[in-house]
Each structure stands twice: as structure tokens, then as C-alpha cells.
Amino acid sequence: QVQLVESGGGLVQTGGSLRLSCAASGRTFSRYGMGWFRQAPGKERNIVAAISWLGGTSPYYANSVKGRFTISRDNAKNTLYLQMNSLKPEDTAVYYCAAKNGVGVHYYSDEYDYWGQGTQVTVSS
């Protein structure tokens, strides 16, 4: 079992930055591929970024966030990060981190085994 707790969400103006964190506990964090997803009201939950368990494979980014968001992980601290720069109102959503047991980078929500409770990000125009 893996427990995931997101933090770092909040209200920010257009063009601002936030850094989300996802603290993991339970089984060996370093053996899990990790992802960030987001869900806006009335919309599906979609992938934002994903990273492999060793970080050796290039991370994946959704086209909408490429060049603005950076996913990273610190296996020594059992923590996943999402640095979000140049935020736009369309980035407003609840952001979730997720863990997938195994190698590789994973893009689909139904591939993931564990989920956090989510953190709200609101970007004002």
C-alpha cells in the first residue's frame, strides 16, 4: 500500500508559479512510476506529466503544459514535485498525484494503482 498526500495548491494570478508536492509513504517510493493528473469541473481527469521510477526515461508532458511545467522526484525524500510556471486560467483544476508499480512512464489514469486526495489550483485572470 502507498499513501500519497499532495500539497502546494492555491490561488495565483495569470503568469504566476506554484510548486506542488506529493509526499509518499508506505512501500518503496523509488520503485513506482509517478504521475500528475488534473481534473477541472465537469471534465475528465487528464494526464499532466509523468516520470519513471528511476527517472532515467524522459518524463512525459501533456502538450498543454510543455515548456511551463516540470515534473521531478526526490526518492530520498519520497516526494514527487510539479513546478508550474507561466500559469494560465485554463490550468485551474484539482491536481492529483498517482503511483504505478513498475518501470516506465505511464499516461493513462487506469494504469495507476494509488491516488492522492488532490489539491486545488486556481489561476485568476
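Shown above is the structure to which this text applies.
We now turn to the structure provided with this report. (Residues numbered from 1 in each chain as written. Predicted model: local features only at pLDDT ≥ 70, side-chain atom pairs only at ≥ 80, totals over all residues. Heavy atoms only, no water.)

### Re the state of the cysteines
1) Next: Counted according to the given criterion, the structure contains one disulfide.
2) Next: Here cysteine 22 connects covalently by a disulfide to cysteine 97, the sulfurs 2.0 Å from one another. Looking along the S-S bond of the cysteine 22-cysteine 97 disulfide, the torsion reads about 50°, which is the right-handed sense. Residue cysteine 22 is found in strand 3 (residues 18-26), and its partner cysteine 97 is found in strand 9 (residues 93-101); the two are separated by 75 residues along the sequence. (Disulfide = S-S within 2.5 Å. Helix = DSSP H or I, 4+ residues; strand = E, 2+ residues; numbered from the N terminus.)

### Notes on the environment of leucine 82
1) Next: Mapping leucine 82 onto the fold places it in strand 8 (residues 79-84).
2) Next: In this structure, the C-alpha to C-alpha distance between leucine 82 and tyrosine 108, residues 26 residues apart in sequence, is 18 Å.

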